[in-house]
Amino acid sequence: MRRLIKRIFLVILVLIIAFIAHTLFSTGFFRTVENQFNGTIIKKISLPGAEDITISKIDSFALISSTKRRIYPPKEQEEGGLYFMDLKNENFTFKHLSASFKKPFAPHGISMIKKDSAYTIMAVNHAAKGHSIEVFTFDGQNMNHVKSLTDASMISPNDLVLIDDNRFYFTNDHGYTKGIGKFSEEYLGLSVSNVVYYDGKTYSEVATGIAYANGINFDPKRNLLFIASPREFLIQVYAIKDDGSLDFIEDIPCGTGVDNIEIDHQGNLWSGAHPNLLRFKAYAKGKKDTSPSEIIKINYKGTNDFEVEKIYTEDGSVMSGSSVAAPFNNLILSGNVMDDHFLILKKEQ
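What counts and how
Residues numbered from 1 in each chain as written. Predicted model: local features only at pLDDT ≥ 70, side-chain atom pairs only at ≥ 80, totals over all residues. Heavy atoms only, no water. Helix = DSSP H or I, 4+ residues; strand = E, 2+ residues; numbered from the N terminus. Phe/Tyr/Trp six-rings, centres within 6.5 Å; stacked < 30°, edge-to-face > 60°. Buried < 20%, exposed > 50% of the residue type's maximum accessible area, 1.4 Å probe, protein only. Pairing = 2+ DSSP bridges. Axes fitted to C-alpha atoms, helices over the stretch in contact; angles between N-to-C directions. Core = buried A, V, L, I, M, F, W, Y, C linked by side-chain atoms within 4.5 Å. Contact = heavy atoms within 4.5 Å. Salt bridge = Lys/Arg side-chain N within 4 Å of Asp/Glu carboxyl O.

Visitor: Break down unusual backbone geometry for me, citing the residues and quoting the values.
Guide: Leaving glycine out, the prevailing phi sign among residues is negative, and the prevailing peptide bond configuration is trans. Backbone geometry places Phe92, a non-glycine residue, at a positive phi of 55 degrees. Residue placement: Phe92 occurs in the loop between β5 (80-86) and β6 (94-96). We note that Asn304 has phi near 60 degrees; this positive angle belongs to a residue other than glycine. By secondary structure assignment, the location of Asn304 is in the loop between β21 (293-302) and β22 (305-314).

If you want it as structure tokens, here you go:
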């Protein structure tokens, strides 16, 4: 009996060690992050929690999602807004677009698309009473709220992308919001988060089995949808079918915890990323002062034909918790989850 107890204890001990080792290796815990960038930081913009940034290539401006996050995920209602930044000059001043929106507003992922002379803008909103997607119009000067979208499928919405002015996809970064299920997703890499498609009338799950589905973006030229899985250090590639359903193509290993995805005019993917997920987790909970940042660029030419390039890495002392890298000419707008500023970077030619 004593020998059996020892064997059981040994098996349990081995399982615990295997669990710890898997978690540490799969989250980048042992990675050394060195400061590296072939360029300069030209400005720090005092805007907190600029978690998502997207750029209009047509009109040369940036839309910025900002929320004053103290910890993430928040324990109470936090307030934020959507901001406009003109990129046609290098003053880099910003304007609060959503100041007239008086409902509780803590924007997360954002997307915009232009039709005729106006933009449709959508933002994931985390309110104390539940999640929603807020819909706005923007005419280049003023932004007006149109409606709030809610649905039971919005379990833990993170990011979204518009296909046209009415249809969109969004990610749920968790399949569980509490308990052992959420713990298993974050530490064991349980792959149960998903992607939901809205066709203008109904919501439908179109992809599942993803570990922490996060950033999402659409390349209309190639009809491809890209979905970031920071927990697996990869980006998934899907083809969009006529009915909005998805065909999985492949995974792009990225070697870092990819967050939001932006696409430049050449079709390259850009992502702000978390090299060490456990360090970021501790930082987001207020237990660490900094968390390393990284920016990668992916030249995706087609199936099994891609290159991943490290553009920027730093230990978090300049900016912690990078979540987005929005390119504009030789500039990169680098946002983050909860720092008090974001960066304008300039690459060397």
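There's plenty left to go through after this.
Visitor: An account of the packing of aromatic side chains is requested, with residue identities and associated values reported.
Guide: Tallied over the full model, the rule gives 18 aromatic pairs. Arranged with centres 5.7 Å apart and planes meeting at 85 degrees, the rings of Tyr83 and Phe94 form a pair that is edge-to-face. With Tyr83 in strand β5 and Phe94 in strand β6, this pair connects stretches of sequence that are 11 residues apart. Summarising the aromatic geometry, the rings of Tyr238 and Phe248 are spaced 5.5 Å apart at their centres and angled 70 degrees between planes, so their arrangement reads as edge-to-face. Separated by 10 residues along the polypeptide, Tyr238 in strand β17 (residues 234-240) and Phe248 in strand β18 (residues 246-253) bring together distant segments of the chain. Take Phe248: its relative accessible area is 46%, and that puts it in the partly exposed class. Members of the aromatic cluster, each reached through a chain of ring pairs, are Phe61, Phe84, Tyr119 and Phe138.

Visitor: Lay out the sheet that holds strand β16 (residues 224-229) in plain terms, naming residues and giving numbers.
Guide: The sheet built from 4 strands is open, its strands ordered β15-β16-β17-β18 with antiparallel pairing. Two strands bound the open sheet, and with one partner strand each, they are β15 (216-219) and β18. Sheet twist, expressed as the mean angle between neighbouring strand axes with direction ignored, is 25 degrees. Summarising the sheet, β17 and β18 pair through 7 bridges and their orientation is antiparallel. When the bridges of β18 are listed, Ile235 appears paired with Ile252.

Visitor: Can you explain the sheet that holds strand β14 (residues 203-210)? Please cite residues and give values.
Guide: Taken in spatial order, the 4 strands make up an open sheet running β11-β12-β13-β14, and their pairing is antiparallel. Pairing within the sheet leaves two strands with one partner each, and these edge strands are β11 (157-162) and β14. Mean inter-strand twist for the sheet, computed between neighbouring axes without regard to direction, equals 20 degrees. Note: strand β12 (residues 168-172) against strand β13 (residues 193-198), 5 bridges, orientation antiparallel. Paired with Tyr169 across the bridge in β13 is Tyr197.

Visitor: Account for the nonpolar core, naming residues and giving values.
Guide: Grouped together as the largest cluster of nonpolar side chains are 28 residues, with contacts concentrated most on Met85, Leu333 and Phe342. Only β3 (50-56), β4 (61-67), β5, β22, β23 (322-328), β24 (331-336) and β25 (342-347) provide two or more residues apiece to this core. Val195, Val206, Ala207 and Phe218 belong to the second largest nonpolar core, which has 16 residues in total.

Visitor: Quick one: what's the story with the pairing of β16, residue by residue and with numbers?
Guide: Of all 6 residues that make up β16, 6 are buried, and the element is covered over most of its length. Two elements, β15 and β16, share 4 bridges in a ladder whose sense is antiparallel. Counterpart to Ile216 in the pairing with β16 is Ile227. Hairpin connection, β15 to β16: the antiparallel pair is bridged by 4 residues, and Asn223 has positive phi, about 55 degrees. Bridge analysis of β16 against β17 gives 6 bridges, and the strand direction is antiparallel. The partner of Ala228 across the bridge, within β17, is Ile235. Remark: 4 residues form the turn of the hairpin made by β16 and β17, two consecutive strands paired antiparallel; Phe233 in that turn has positive phi of roughly 60 degrees.

Visitor: Any details on the pairing of β5? Residues and values, ideally.
Guide: Most of β5 is tucked away, with 5 of its 7 residues classed as buried. As judged from the 7 bridges shared by β4 and β5, these two strands associate in the antiparallel manner. Considered in β5, the bridge of Ala62 is made with Met85. Where β5 lies against β6, 3 bridges are found, and the strand directions are antiparallel. The partner of Phe84 across the bridge, within β6, is Lys95.

Visitor: Account for helix α2 (residues 179-188), naming residues and giving values.
Guide: Residue pairs spaced three or four apart in an α-helix point in one direction, given the helix's 3.6 residues per turn. Along α2, the residues that are buried comprise Gly181, Ser184, Glu185 and Glu186. Taken together, the buried residues of α2 touch β13 and α3 (277-284). Directly beyond the C-terminal end of α2, a positive phi value near 75 degrees is found at Gly189.

Visitor: Can you break down the pattern of salt bridges residue by residue, with the values?
Guide: Under the definition given, this model contains 9 salt bridges. A salt bridge links Glu76 to Arg70, with the nearest nitrogen and oxygen atoms 3.1 Å apart. For Glu76, a relative accessible area of 53% translates into the label exposed. Arg70 gets classed as partly exposed once you look at its relative accessible area, which sits at 49%. Lys88 is the salt-bridge partner of Asp86, the closest N and O atoms lying 3.3 Å from each other.

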